[in-house]
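Architecture at a glance
These are the residues of each chain, in order.
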Amino acid sequence: MSSSLQLFDDPALPEQNAQDLLRRARPAEAGHFDELRQADGTLKPAWQAFAEHLDAPLDDLSRRQGLLARQIQEDGITYNVYNAQGGPSRPWSLEPLPLIISADDWRDLEQGVAQRASLLNRVLEDVYGEQQVLKEALLPSALVLGHPSYLRGLQGVKPVGGVYLHVVAFDLVRGPDGEWRVVSQRTQAPSGLGYVMQNRLIVSRILPEAYRAMNVQHLASGYRRMLETMTELAASCSGGETPRLALLTPGPYNETYFEHAYLARYLGLPLVEGGDLVVRDESLFLKTVQGLEPIHGLLRRLDDDFCDPLELRSDSTLGIPGLMQAVRAGKVVLANALGTGFLESPAVHGFLPALSRKLLGEELSLPSLPTWWCGEEAAWDDVREDLNARVIRPSYPLTSTPGLGSASPRQRFDAVIGHTLSAKAQTAWRERIEQDPASYTVQRFVPYAQAPVWSSGALSMRGASLRVYALSDGQGGWQVLPGGMTRIATREAGPVSMQLGGSSLDTWVLTDESVDTFSMLPASIKLEELVQRQRPVASRTGENLFWMGRYTERTEQQLRLMQALVSLQSSDDEVHDTVSRVLSDLAQANGLVPPGTPSLSQSPRVFERAAMDALIDATGQHGACSLGFNLAALARSAQSLRERLSPEHARLLRALSTDFHQRVTAAGTPVAEAQGHDALAPSRLTSLTQAYEAFEHLGMQLAAVTGAQTDRMTRDPGWRLLTVGRLIERLTGYASMLKSFWENKALLHAQGFDLVVDLFDSTITFRARFQRRLERPALLALLVMDETNPRALACVLRRLRTELVKLPIRGGSHEDLLALLPHVGVGCTLPDLCDPASGDEAVLGMLNRLIEAGWRLSDEVGRRYFAHAEPTDSMVSA
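Residues numbered from 1 in each chain as written. Predicted model: local features only at pLDDT ≥ 70, side-chain atom pairs only at ≥ 80, totals over all residues. Heavy atoms only, no water.

Quick word on the overall build of the protein
Going by this rule: A run of H or I in DSSP becomes a helix once it reaches four residues, and a run of E becomes a strand once it reaches two; helices and strands are each numbered from the N terminus. For the exposure calls, accessible area comes from a 1.4 Å probe over protein chains only, and a residue counts as buried if that area is under 20% of its type's maximum, exposed if over 50%, partly exposed in between.
Counting its secondary structure elements, the protein contains 31 helices and 26 strands. Every one of the 878 residues in the protein was classed for burial, and the buried ones make up 56%.

Take a look at the structure:
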């Protein structure tokens, strides 16, 4: 019997785990609700059940945390943290223990969340309709009409189906009395749903016994409900066709881009950016390599301001010109509707109880934090003299509010936690607020409940905030996702913020009933829908795939050149002058050294140093675009394509650059040692031969990438473009290599002859066919004319012709593309190339024509499939 089974069968284990939870997690700090213990100090029933079903001692959580971290690393789950330089990404932070909510607690919370979501949708109906709540002063006009997120251009416009809010997120805190309160609400583009599902998949995998035994509610039906609602509403826009939906993302530099890509894949939606979409005749279209494809619904992750540069922020490059007009025409469903952002103002919370009585005829069951909008004189008078235990927040999402400094429109921030303020600081804040009271909202500070967290082998209690999601059914009802995003503070009583280094927990909602085992897999599909359900290839996606193919091939060619340099450097034979000249020329032409670098024959040491400096330079700051630069470009392409690549393929592409950098650095000599010092310092290469193993490992990784691209991707137009891109790069790259050898007459020497055959990766085949007969006709036959050799120019051209005719017909016929290439073979015969009198001229002429053909074909592919810039196009209808 294995040790794990012995532990599972140990009858003392549940009690031991329960005692360890109590002993190793100190009680919550005074004034904070304890999620682990009851009032008498014993474990809550849910945590007692968790201890009983944990199939190993508590310390085994460290091993499981390692599995969790490895899964996050392998899946490439990231969260981009913005700073002054841009947006470096870090691995998503997730802890192994969940936040557990009992069935009784959830019933009350679920009802309150659904009620609030219904209320917010009713408020939007009124504000963009008759505005009765404004006329009766139930909601101050300044908080609506004076809010930058209220869109006057949509006044009187009812969204398709009358649904303004498809998804609403509420950030909740549990106070010292154990009651939940709403801290904030997200109505524009609530984030986190992708991370919620990813957290669930990982934590349920490392705690399988407890997850199954504790009757934890599943999440999939909520996601399915959201998708079905959008599909049903979009049917009225689709003209009888199956509605096409997409997920709109700001792009790979957004802080939550991973979840956009993950959610798009999970829901089966294309992930699109604003530049992928265009409005024609008040309808929305996706620019694909097949042409314009209609889009009837957008699940957006882009705030209102950035959605339409024609009518909203004119400096936005993320939006879709004309989108507002398409919305007014009722031609597209947006989740959520534009113009909902004013409800995110903290000032609105203070008016929701009265609004609930007016619009729903009900008391608000889930309260907000006590809130005072300083624009109301009576409210400001209530809190003016005592700002202790208060949080001061901006009423409007201004880029700069007096006294609050600057913040991006995406940032929602608490200006100050008032209970830490001195009397002098309170006076200063009082003066600032009185300069413009309406711009400030004050809320009572409520200490976060503290939940158990296992981290770094220890159990601690940390402040926790819960984000829950309400999903519309399109008929006025709401489904609350039975779970959510629990965020925890970096220390016991610190702020809860992922941007400030916080972490997350999975949220387990228990049920007394049977667990919903719904799957995202649809029950059935109509035959006529099969063609429509083929995933469209957005032009941006096609372009990224095209360049992924080119970068992959370019990196392989650079690697073979670097290996050739190392081979000659370590050889006992003296390098012939013509070979040295060819390698110097090719190194500059292929970006391995900066332009103007002395050649190998002029200054071998300077040349080698330039090559080493450029080797891991990902930015091109040394003036070269060597392996490090192209590996970084490959990683960026993979980042933009993560919803299309298999997890293994994406992981491999991410690993290329980091692995290569680590291996090259590890192979180098510490700088201090190289300079005769004892101090520790970063390593650097002193010779290219030190990087030999790094080159070998990269070669194996690139072979795996090629295999994944060849055998693990669907043969759709996107894959065709990837293949065409790779073949174009191969055609121009190898033709340029052979041209350099031919012009410099390096093939007249055995060293040059062997080198070019090796660069074409054809050494084994050449020796098998021709042994050691170093004759140019044999070389031309294998490297130029052989249609069975994948590196031969004739084979590359044959494959290009095959792939080009399988691309979608757009902007011209296939024959126009084929006409850019030789009609047959390489455009001339082997006897022509081997003619003693005119052979050299024929070879160079043929190579020049192929290089030119490759570049012209690249330009034409870009014009046809990526540009969408026909002269007759107009952005919106007249």
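Topic: the sheet that holds strand β7 (residues 271-272)
Filter applied, for reference: At least two DSSP bridges between two strands are needed for those strands to be called paired.
Read from one edge of the open sheet, four strands run β7-β6-β11-β12, paired in parallel fashion. Two strands close off the open sheet at either side, each with one partner strand: β7 and β12 (333-335). Pairing of strand β6 (residues 245-248) with strand β11 (residues 297-300), which is carried by four bridges, proceeds in the parallel orientation. Across the sheet, residue Leu248 finds its bridge partner in β11, namely Arg300.

A few points about empty space enclosed by the protein
Stated precisely, the cut-off is as follows: Definitions used throughout: a 1 Å grid over protein atoms alone; a cavity as a set of points that fits a 1.4 Å probe which cannot get out; a pocket as an open set with protein on both sides within 12 Å along at least five of seven lines; a lining residue as one with an atom within 4 Å of a point. Grid points are joined across faces, edges and corners, and a volume is the space filled by probe spheres set on the points. When residues are grouped by polarity, Ala, Val, Leu, Ile, Met, Phe, Trp, Tyr, Cys and Pro land in nonpolar, Asp, Glu, Lys and Arg in charged, and all others, Gly among them, in polar.
This model, assessed by the stated rule, comprises four cavities of 30 Å³ or more. As a volume, the largest cavity reaches approximately 70 Å³. Lining of the largest cavity is provided by Pro159, Val160, Val163, His166, Val327, Gly330, Val332, Val333, Leu334 and Ala337. Grouping the constituent residues of the lining of the largest cavity by class yields eight nonpolar, two polar and no charged. Of the pockets and cavities examined, the second largest cavity occupies roughly 60 Å³. Surrounding the second largest cavity, Leu154, Val157, Pro159, Tyr164, Val327, Ala337 and Leu338 form its lining. Looking at side-chain class alone, the lining of the second largest cavity contains seven nonpolar, no polar and no charged residues.

Some points on the pairing of strand β14 (residues 390-394)
Side-chain positions along a regular strand alternate between the two faces of the sheet. In terms of burial, β14 is largely enclosed, as five of its five residues are buried. Two strands pair when backbone bridges link them, and β14 and strand β18 (residues 440-444) are joined in this way by five bridges, in the antiparallel orientation. Each residue of the ladder has a partner; that of Pro394, found in β18, is Tyr440.

Things to note about the pairing of strand β10 (residues 291-294)
Examined bridge by bridge, strand β9 (residues 283-288) and β10 share four bridges and lie antiparallel to one another. Within β10, the position partnered with Thr288 by the bridge is Gly291. Here β9 hands over to β10 after two residues, the two strands then running antiparallel side by side.

Looking at the packing of aromatic side chains
Rules: In this scheme Phe, Tyr and Trp rings, the latter by its six-membered ring, pair at centre separations within 6.5 Å, and the angle between planes marks the pair as stacked below 30 degrees, edge-to-face above 60, and tilted otherwise.
Using the criterion set out here, one finds 18 aromatic pairs in the structure. A ring pair is formed by Trp92 and Tyr195, whose centres lie 3.9 Å apart and whose planes are at 10°; its orientation type is stacked. Of this pair, Trp92 sits in the loop between β2 (89-91) and β3 (99-101) while Tyr195 sits in helix α8 (residues 193-206), and the two are 103 residues apart along the sequence. According to the relative accessible area criterion, Trp92 is buried, its value standing at 5%.

Considerations on the sheet that holds β9
Rules: In this description, a line fitted to the C-alpha atoms serves as the axis of each element, helices being fitted only across the stretch in contact, and the angle between N-to-C directions of two axes falls anywhere from 0 to 180 degrees.
Spatially, three strands are ordered β8-β9-β10 in an open sheet, and the strand pairing comes out antiparallel. Across the chains shown, the open sheet's two edge strands, defined by having one partner strand only, are β8 (277-280) and β10. Strand-to-strand twist of the sheet, defined as the mean angle between neighbouring strand axes without regard to direction, takes the value 45°. Relative to β9, β8 is paired through four bridges, and the arrangement is antiparallel. Note on β9: the bridge partner recorded for Val278 is Phe285.

A closer look at the pattern of salt bridges
For the record, the criterion: By definition, a salt bridge exists where a carboxyl oxygen of Asp or Glu is found within 4 Å of a side-chain nitrogen of Lys or Arg.
Scanning the model with the defined rule gives 52 salt bridges in all. For Arg791, the salt bridge goes to Glu556, with nearest N and O atoms at 3.6 Å. Here Arg791 is found in the loop between α27 (776-785) and α28 (793-804), whereas its partner Glu556 is found in helix α17 (residues 539-569), with 235 residues between them in sequence. By relative accessible area, which is 13% here, Arg791 ends up buried. Here the residues in one salt-bridge network are Glu553, Glu556, Arg560, Arg726, Arg730, Asp758, Asp761 and Arg791, joined through shared partners.

Examining the packing of α28 against helix α31 (residues 839-867)
The axes of two packed helices give the description: the angle between them and the distance between them. Threshold: Here the word oblique covers every angle except those under 35 degrees (roughly parallel), over 145 (roughly antiparallel) and from 65 to 115 (roughly perpendicular). Crossing handedness is defined as follows: a turn of the near helix away from the far one that is anticlockwise and smaller than a right angle gives a left-handed crossing, while the clockwise case is right-handed. Whether two residues are in contact is decided by their heavy atoms: any pair within 4.5 Å suffices.
Packing of α28 against α31 leaves a shortest axis separation of 13 Å and a crossing angle of 25°. Classed by the angle they form, the pair α28 and α31 counts as roughly parallel. Between α28 and α31 lies a crossing of left-handed hand. Residues Leu793, Leu797, Leu800 and Leu804 of α28 lie in contact with α31, whose contacting residues are Met846, Leu847, Leu850 and Leu857. Along the lines of polarity and charge, the residues of the contact of α28 with α31 split into eight nonpolar, no polar and no charged.

With respect to helix α21 (residues 647-667)
The condition that has to hold: One fewer than the residue count of a helix, multiplied by 1.5 Å, yields its expected span. Fitting axes to the seven residues that end at a residue and to the seven that start at it, the angle between those axes gives the bend at that residue.
Taking 1.5 Å per residue, 21 residues should reach 30 Å; α21 reaches 29 Å between its end C-alpha atoms and fits that length. Its maximal kink placed at Ala655, α21 deviates by approximately 35°. Residues His649, Ala650, Leu652, Leu653, Ala655, Leu656, Phe660 and Val664 constitute the buried set of α21. Each element contacted by the buried residues of α21 is listed here: α17, α19 (604-615), α20 (627-640) and α23 (692-711).

Some points on helix α24 (residues 717-743)
Across its 27 residues, α24 extends 38 Å between first and last C-alpha, which sits within 8% of the 39 Å expected from 1.5 Å per residue. Counting buried residues along α24, 24 of its 27 residues qualify, which places the element largely inside the surrounding structure. Of the residues flanking the end of α24, it is Lys745, one or two places downstream, whose phi is positive at about 55°.

What about the environment of Glu255?
Mapped onto the elements of the fold, Glu255 is located in the loop between β6 and α11 (257-267). You can call Glu255 buried: its relative accessible area is 11%. Sequence-wise, Glu255 and Thr78 are 177 residues apart; in three dimensions their C-alpha atoms are separated by 8.5 Å.

Concerning the side chain of Thr597
Mapped onto the elements, Thr597 comes out in the loop between α18 (577-589) and α19. Under the relative-accessibility criterion, Thr597 is labelled buried at 10%. Excluding its chain neighbours within four sequence positions, the residues that come into contact with Thr597 are Gln588, Val606, Phe607 and Ala610.

Side note on the packing of helix α25 (residues 750-759) against α27
Running from N to C, α25 and α27 cross one another at 10°; their axes reach a closest spacing of 11 Å. With respect to each other, α25 and α27 are oriented roughly parallel. In contact with Phe753, Val756 and Val757 of α25, α27 contributes Arg776, Leu779 and Leu783. Counted by class, the contact of α25 with α27 contains five nonpolar, no polar and one charged residues.

Describing unusual backbone geometry
In terms of backbone geometry, most residues other than glycine have negative phi values and most peptide bonds are trans. That bond from Ala335 to Asn336 is cis: its omega, 5°, falls within 30 degrees of zero. Examined against the element boundaries, Asn336 turns out to sit in the loop between β12 and α13 (352-359). The backbone phi angle of Asn215 is positive, close to 60°, even though this residue is not glycine. Assignment of secondary structure puts Asn215 in the loop between α9 (208-213) and α10 (220-234). Residue classification places Asn215 among the partly exposed residues on the basis of a relative accessible area of 26%. With a phi close to 55°, Lys745 is a non-glycine residue in the positive phi region. For Lys745, the position within the fold is in the loop between α24 and α25.

Overview of the environment of Gln475
As for its position among the elements, Gln475 is in the loop between β20 (458-472) and β21 (478-480). What makes Gln475 exposed here is its relative accessible area of 67%. Sequence separation of Gln475 and Val163 is 312 residues, and the distance between their C-alpha atoms is 8.4 Å.

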